[in-house]
Amino acid sequence: MEPITPEPVEPVGHPVMIHRWETLTFLHHPLDPEEVQQLLPDGLEVDTFQGRAWVGLVPFAMRIRAPWLPAVPWLSVFPETNVRTYVRGPDGRRGIWFLSLDVPRLAAVATARATYRLPYCWSRMRLRHDGPEVRYESNRRWPAGDASSLVVVDVGNDLAPGEATELEHFLTARWGLYSWLRRGLAYAPVEHRAWPLRRASLLELRDTMTRAAGLEVTGDPLVHFSPGVEVRIGRPRLV
């Protein structure tokens, strides 16, 4: 079984995409593992921490480019909100399984669905950062349905080096993503420096995206904020 570690488990020497994930908030709820397992494809097993599965609602600002091309500001800089859970693959690797990913760029939706075959959706979105307060809004346009979110957080102090708990690493330090390609289950490695995490307080939350993904959550989520990291994403390979 791959260990839980804040540092990447393998270098990505030849990335197919380079991202920067900025102004990012993690909102996490615990769930019964059986609820999550029913949403996963064959070959993946829900990853648990002390017997609980976790689902994350994660809004942030995305900067994206191919390593061989210059960035195009309008096309490559935009908000994103994803709903995700955490899984183990057939070889014991830990990773992310995305239940939905909302962005306001239709071209990005089409490209991601055609290549990585990830469940990207087209949404109206807005991100506003005013001092310690960050506000994220998303309303899905396609596919049609009731899927929206409003997240407002107050960002606090940095977590000191070594202060993050094993649960916080479990929820944030993921070094690969799984997707279902035409030929079967695939894994793409991810590399970035350890997350610089900050405490954050939830000021407002209205979310139907998690329910639209097939999960019901209750209670207050665990909240963390990060100013961001640069991310190298490798080519997906069948597992």
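The structure this text deals with has already been given above.
So, how was this worked out
- All residue numbers refer to positions counted from 1 along the written sequence of the respective chain.
- The model is predicted, so local features are restricted to residues of pLDDT at least 70 and side-chain atom pairs to those at 80 or more, both for listing and for counting; the totals for chains, interfaces and linings are taken over all residues.
- Heavy atoms from the whole structure form the basis of all side-chain values; hydrogens and water molecules are not counted.
- Here a salt bridge means any side-chain nitrogen of Lys or Arg lying within 4 Å of a carboxyl oxygen belonging to Asp or Glu.
- Partly exposed residues are those whose accessible area sits between 20% and 50% of the maximum for their type, while under 20% is buried and over 50% is exposed, using a 1.4 Å probe and protein chains only.
- Any two rings among Phe, Tyr and Trp, with Trp reduced to its six-membered ring, count as a pair given centres within 6.5 Å; such a pair is stacked if its planes are under 30 degrees apart, edge-to-face if over 60, and tilted if neither.
- The way it works is that DSSP assigns letters per residue, a run of H or I at least four long becomes a helix, a run of E at least two long becomes a strand, and they are numbered from the N terminus.
- Lysine NZ or arginine CZ positioned within 6 Å of the ring centre and within 35 degrees of the ring normal marks a charge as sitting over the ring.
- Think of the arc as the fan of directions from the helix axis to the C-beta atoms.
- Two residues qualify as a contact provided that any one of their heavy atoms is within 4.5 Å of a heavy atom in the partner residue.
- Whenever a nitrogen or oxygen atom comes within 3.5 Å of another N or O atom, the pair is scored as a polar contact, on the condition that within protein one atom can donate a hydrogen and the other can accept it, and that pairs from neighbouring residues in sequence are kept only if both atoms are in side chains.

Engineer: Explain the pattern of salt bridges to me, please; I cannot follow it from the model alone.
Structural biologist: Pairing is possible between side chains of opposite charge, provided their charged atoms come close. Inspection of every chain in the model, using the stated rule, returns 18 salt bridges. Taking the shortest distance from any N to any O, the salt bridge between R206 and E204 comes out at 3.3 Å. On the accessibility criterion, E204 (30% relative accessible area) is partly exposed. A single network of salt bridges, built from pairs that share partners, joins E2, E10, D91, R93 and R237.

Engineer: Which parts of the structure should I look at to understand the packing of aromatic side chains?
Structural biologist: How two aromatic rings sit relative to each other is set out by the distance from centre to centre and by the angle between their planes. What the rule picks out here adds up to six aromatic pairs. Considering the side-chain rings of W21 and W195, the 6.2 Å spacing of their centres and the 20° angle between planes classify their relative orientation as stacked. One end of the pair, W21, is in strand β1 (residues 17–31); the other, W195, is in the loop between β10 (184–191) and β11 (198–207), with 174 residues separating them in the sequence. Given the relative accessible area of 12%, W195 is considered buried. Centre to centre, the rings of F49 and F170 are 5.5 Å apart; their planes meet at 55°, and the pair counts as tilted. Pair noted here: F49 is in the loop between β2 (45–46) and β3 (53–65) and F170 is in helix α4 (residues 166–172), with a separation of 121 residues, a long-range link. Here F49 matches F170 in class, with each residue buried. A network of ring pairs unites the aromatic residues W21, F26, F60 and W195 as a single cluster. Above the ring of W122, the side-chain terminus of R141 is found at 3.9 Å from the ring centroid. Directly above the aromatic system of F170 lies the positively charged group of R174, at a separation of 4.5 Å from the ring centroid.

Engineer: Would you explain helix α3 (residues 106–114) in this entry?
Structural biologist: Since the α-helix packs 3.6 residues into each turn, any two residues three or four apart lie on the same face. Residues of α3 that are buried: A108, V109 and A112. Each buried residue of α3 lies within a common arc of 100° when the element is viewed along its axis, so the set occupies one face. Those residues of α3 hidden inside the fold are in contact with β4 (77–88), β5 (94–103), β6 (120–130) and β7 (133–142).

Engineer: Teacher, can you tell me more about the environment of R117 here?
Structural biologist: Locating R117 in the fold gives a position in the loop between α3 and β6. Measuring from C-alpha to C-alpha, the distance between R117 and S179 comes to 6.6 Å, with 62 residues separating the pair along the chain. In contact with R117, other than residues within four places in its own chain, are A112, W180, L181 and R182. One polar contact links the side chain of R117 to the main-chain carbonyl oxygen of W180, over a distance of 3.3 Å.

Function cannot be read off these values alone, since they describe shape.
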